[in-house]
Amino acid sequence: MNSTYRVAFGVAATAALFAGQASAQSVGEVCPSPLRMADTGIEGMGDLTEAFGPFAKTFEELTGVELALYSLSNRTAAGTALQFDEVEFVFAGPSEFVLFQQLAEMDILFSVVRPNYGSSFVVKADSEIKTLADLAGKRVALKDVGSTSGHIFPMMLMAQAGLDPETDAEIIMAGDARIQVLINDDVDAMGGGNKDWDAVREQDPDTEYRLLAQTDTLPGDPVVMRASLPQECRDALRSTLAEHADVLWDSLTSTERNADKFIERDAYMSFETDPAIYDIVREAYTVAGIPLDD
């Protein structure tokens, strides 16, 4: 079930607050209106509006083009919506972007770059597990199926250590309980995002933990843009929004959901994201032996 909510905030009354009015008008000349945006991690219009209402308002003020928030049920539906021009943008993760690329040509409006974004394996300090290879025969908690940092890259690290993650260890997709099951000794190790390494020590300060392995920084979360949008529209959007990236960033992270997800030291918006940097994600799927459409 898809539904659309158009965020209209009286652009004429507020556009004068921004210096790039001429650029905003040029977006209106070359882009359709409304432009529609979905998010792969949110179901339901209420939650979507709560998370992205301020962002939609600022987007409209900067560009002069209405932004319609579009509710989708999952990432498969989001890819199909992009493929068949039902939406112009999808706020996605790195894994979703490479999945969408299998369906049609895709572009990126901007990405949220988090220098600390990566995957970590954590064990208790007194664990007999010293290397990833020692996870053979152990119970390992991961996050959610398809999570870039909480599933795909942890599986890749295990495969690079010589393990078959599907048969050599017992993988528990623990979701939000992944930290607690490690604390409770329900599993022998946890693989998740780098934030989980910090969170487990915060939630269990009386126990010592050890970082077993960690990836390099992963590509940021992209706002995927359908490439069937006219090139002049895509260029005008990037130019206009990049000029006011600080204002757009403030509105994006003004909601509790997005602040929790995106705000960390040195995080920023990049309007010069090369889609080729996501090839590492595709390679991770291959090394981990996970089909991209899983």
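Before reading further, recall that the structure is shown in the block above.
Here's what I pulled together on the structure shown here. Given the structure is predicted, the values throughout are model-derived calculations rather than measurements.

Helix and strand counts for the chain come out as 12 helices and 12 strands. For the chain, the C-alpha radius of gyration of 20 Å lies close to 19 Å, the compact-globule estimate for 294 residues. With the C-alpha coordinates aligned to their principal axes, the bounding extent of the chain is approximately 65 × 40 × 35 Å. Summarising the internal contacts of the chain: among those between residues at least 6 apart in sequence, 78% fall at separations of at least 24. With an accessible surface of roughly 12,800 Å², the chain has 46% of that area assigned to carbon and sulfur atoms. With 21 positive and 49 negative side-chain charges, the chain shows a separation of 1 Å between the mean positions of the two kinds.

Residues Asp47, Glu50, Glu256 and Asp260 make up a contiguous surface patch of negative charge. Mapped by element, the contributors of at least two residues to the negative patch are helix H3 (45-63) and helix H11 (256-262). With respect to the element layout, aspartate 47 can be found in helix H3. Residue classification places aspartate 47 among the partly exposed positions, given a relative accessible area of 48%.

A pair of packed helices can be characterised by two numbers: the angle between their axes and the separation between those axes. Contact geometry of helix H4 (residues 75-83) with helix H5 (residues 94-101) gives a least axis separation of 10 Å together with a crossing angle of 45 degrees. Taken together, the axes of H4 and H5 are oblique relative to one another. Helix-helix and strand crossings are classified by hand; for H4 and H5 the assignment is right-handed. Residues Arg75, Ala78, Gly79 and Leu82 of H4 form the contact with H5, whose participating residues are Ser95, Glu96, Leu99 and Phe100.

Read from one edge of the open sheet, five strands run S8-S7-S9-S6-S10, paired in mixed fashion. Strands at the two margins of the open sheet, each flanked by one partner only, are strand S8 (170-173) and strand S10 (209-214). Direction aside, neighbouring strands of the sheet carry axes that sit 25 degrees apart on average. Bridging between strand S7 (residues 139-142) and strand S9 (residues 189-193) involves two bridges; their strand directions are parallel. Note that in S9 the partner of valine 140 across the bridge is alanine 189. In this fold helix H6 (residues 148-160) packs onto strand S6 (119-124), S7, S8 and S9, with an angle of close to 75 degrees to the strand it touches most, S6.

For the rest of this paragraph, the subject is the state of the cysteines. Enumeration according to the criterion identifies one disulfide in this entry. Disulfide partner of cysteine 31: cysteine 233, at an S-S distance of 2.0 Å. In this structure the cystine formed by cysteine 31 and cysteine 233 twists about its S-S bond by roughly 110 degrees; its chirality is therefore right-handed. Here cysteine 31 is found in the loop between helix H2 (21-30) and strand S2 (35-39), whereas its partner cysteine 233 is found in helix H9 (residues 231-243), with 202 residues between them in sequence. Across this residue pair, the class does not change: cysteine 31 and cysteine 233 are buried.

Conventions adopted
- Residues numbered from 1 in each chain as written.
- Predicted model: local features only at pLDDT ≥ 70, side-chain atom pairs only at ≥ 80, totals over all residues.
- Heavy atoms only, no water.
- Helix = DSSP H or I, 4+ residues; strand = E, 2+ residues; numbered from the N terminus.
- Rg over C-alpha atoms; globule rule 2.2 N^0.38 Å.
- Contact = heavy atoms within 4.5 Å.
- Areas by Shrake-Rupley, 256 points an atom, 1.4 Å probe, with all protein chains shown as cover.
- Lys, Arg positive; Asp, Glu negative; His and termini not counted.
- Charge placed at Lys NZ, Arg CZ, Asp CG, Glu CD.
- Patch = residues over 30% accessible without salt bridge, like charges linked within 9 Å, V, L, I, M, F, W, Y side chains within 5 Å.
- Salt bridge = Lys/Arg side-chain N within 4 Å of Asp/Glu carboxyl O.
- Buried < 20%, exposed > 50% of the residue type's maximum accessible area, 1.4 Å probe, protein only.
- Axes fitted to C-alpha atoms, helices over the stretch in contact; angles between N-to-C directions.
- Parallel < 35°, antiparallel > 145°, perpendicular 65-115°, else oblique.
- Left-handed = near helix turned anticlockwise from the far one by under 90°.
- Pairing = 2+ DSSP bridges.
- Disulfide = S-S within 2.5 Å.

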